[in-house]
Structures are given as structure tokens and as C-alpha cells.
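Okay, here's what each chain looks like letter by letter:
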Amino acid sequence: MSTNTIKDLTAGTAGGIAQVLVGQPFDIVKVRMQTSPKGTYKGMLHCATGILKNEGPLAFYKGTLTPLLGIGVCVSIQFGALEYAKRVFAARNTASGRGGEGGKMLSGGQLFIAGVGAGIANGFVSGPVEHIRIRLQTQSNTNPMFAGPFDAIKKITSQHGIPGLFKGQCVTFLRESAGYGVYFLVYEKLIQHEMLTKGIRREEISPINPVLYGAAAGYALWAVIYPIDMIKSRMQTDGFTPSTGQRYTSARDCVRKVWRTEGIGAFTRGLGPTLIRSPFANGATFLGFELASRLLYS
């Protein structure tokens, strides 16, 4: 593994930790709203106040250990794969005399492909990590099935094997590839625009810009993937077998049943906390990555 890759992975980890600490309270509200039966909550505030009243303030960080470890790894993989692909494309651009200095001004297509690759690489880890996190976030507070993330992993694998951890994985890959293709395309194009219009280098960009551009990229991400994310959440909270309450036999079956029984509104339920969370969590992610990169590459 090259020195640059290690630096990119380390900077990505910093971005992932920042994302979890900022975004976790919003995420648990989103997941509760996505996975609860229609009519359980009147809206985002009703859900949030119910959690606070019935479970206490620490409930907003329920299951945080899993994403803190897992999302740190996930974001590390995202940025590691992205930056590797960017270097490959930059080398090709240089060889063909395109892309400006060092071939680093990648085209929209190159950035989208790099983002898709980053999303797929990330999906191998984010699938089981988010599965465990969602199980912990949605379990009963008074009669929990799992004592924590490691207990959840132990019980799921003992009953359903390693494949049990990857429940909903096909939907996860679809979400990650489409979402991160758009996510990194938007962010990197905004960074390019800033560099070109002001005639500056990447490390000279004001720290506030990664926050703003990360917020914009986050909104673009969720505009593409939210309905897919809802299906993923339903699949990952579903029973493993009919005897354990399985409602959906596949992602297609899930879409069909949700559409028929709950209508199109179910596919955007929980969008409010997601849209509020997005600029803070994604802004923090890119700020953490950019600042860590500047430190590591200086």
C-alpha cells in the first residue's frame, strides 16, 4: 500500500468520525420514522420528543459505537478509493495532454466513475455496519434483543451465518454506487470551480468552502438515494424468516408491498431529519477530510 493511500485512508477516517458525531442524533430519528408503521409519528419533532421523553437524551446516540468504528472505516474506504481513482484518471489525462496541471482537473464522467467505485468499495463494509446499527436503533428500549453491537453480531451470525450480516446488501450496493457517484461529482466540481475562478490551489481554499460544498453534495446524494435508503432500512429491520416476522421476500417485494399498503409517501418518510442532518454531517465530513489531508500532505 502506497504512502498516499495510507494518508487518504487516515484523512477519510477523520472525516468519518466527524460525520458520526454530528449526524447520529438525526439519523436515529430518520431510521425510526422510516421503519415504524404508518401513523406512529406525526412528524420529525413528534418522533424526536418521543425518544427524548421515553428513552432519555442518550438514546440519540444509541448504537453509536458501531457507526463510530464502522463509518470511520467506511468513509476511509470511500476517500481511499476515490483518491486512488482520481490519481489513475489524472495519470491518463497527463498522458493525453488533458486536465491541466498534473491532469488533476478530471471530467464529470471521470469523477462520477470514481465516485461509483468508491461507493461499491464502501458497500462491502457499510452494509453490515448499517444493518447492525439499524437493529440497535429500532429495538425495544424496555426489552432489547441485543445488548450491544458485538452481541448483535454474535447472535445474528450464530443463527443465520455470515450472510445474515449482509441482509439487504443488493439494495446497499445500488444506494452506494448511485449515491456516491453523484456525491463526489458535485463536491469535486464545486472545488474545481473555486480553484479555476480564483486561480488558487486546493489547499488554499478557505475551510468554510468544504463545509458548504459538502452540504450541497449531501443534498444531491439524498435527492438520488432516499427512496432506495428507505427500502434498505425496511429490509434490514425485517425478520430473517417467516417464523421471525419476515414481511418481505426481496427488495422488489418490499417496494411493491410498501407502495400498495402505505402509498408513495412512505418512500419519503423521515426525509425531514435527513435534510436537516445532511448539511452538518456532510459538511463536517469534507472539512475533516480536507484539513486532515492538508496536515498529512504538508
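Refer to the structure printed above.
This structure is a prediction, so every number in the text was calculated from the model and none was measured.

Procedures and definitions
Residues numbered from 1 in each chain as written. Predicted model: local features only at pLDDT ≥ 70, side-chain atom pairs only at ≥ 80, totals over all residues. Heavy atoms only, no water. Phe/Tyr/Trp six-rings, centres within 6.5 Å; stacked < 30°, edge-to-face > 60°. Buried < 20%, exposed > 50% of the residue type's maximum accessible area, 1.4 Å probe, protein only. Helix = DSSP H or I, 4+ residues; strand = E, 2+ residues; numbered from the N terminus. Lys NZ or Arg CZ within 6 Å of the ring centre and 35° of its normal. Salt bridge = Lys/Arg side-chain N within 4 Å of Asp/Glu carboxyl O.

The next point concerns the packing of aromatic side chains. Per the stated rule, a full pass over the model turns up twelve aromatic pairs. On the numbers, 5.1 Å between centres and 65° between planes, the contact of Tyr 183 with Phe 184 is edge-to-face. A single burial state applies to Tyr 183 and to Phe 184, both of which are buried. On the basis of an interplanar angle of 15° and a centroid distance of 3.7 Å, the ring pair of Tyr 187 and Phe 286 is categorised as stacked. Linking Tyr 187 in helix H6 (residues 169-198) with Phe 286 in helix H9 (residues 271-297), this pair joins segments that are 99 residues apart in sequence. Each member of the pair, Tyr 187 together with Phe 286, is buried. One aromatic cluster is present, formed by Phe 79, Tyr 180, Tyr 183, Phe 184, Tyr 187, Phe 286 and Phe 289 through successive ring pairs. Across from the ring centre of Tyr 297, 4.9 Å away, lies the NZ or CZ of Lys 7, which sits over that ring.

Using the criterion set out here, one finds 21 salt bridges in the structure. Between Glu 188 and Lys 86 there is a salt bridge, and its shortest N-O distance comes to 3.2 Å. A residue pair is termed long-range when its members are at least 10 positions apart, and Glu 188 in helix H6 and Lys 86 in helix H3 (residues 65-95) qualify at 102 residues. The class of Glu 188 is buried, set by a relative accessible area of 4%. By relative accessible area, which is 13% here, Lys 86 ends up buried. The shortest N-O distance in the salt bridge between Glu 101 and Arg 201 comes to 3.7 Å. Separated by 100 residues along the polypeptide, Glu 101 in the loop between H3 and helix H4 (108-138) and Arg 201 in the loop between H6 and helix H7 (208-237) bring together distant segments of the chain. By relative accessible area, which is 65% here, Glu 101 ends up exposed. In this structure, a network of salt bridges that share partners links the residues Lys 30, Glu 130, Arg 133, Arg 175, Glu 176, Asp 229 and Lys 232.

Geometric values such as these leave the question of function open.
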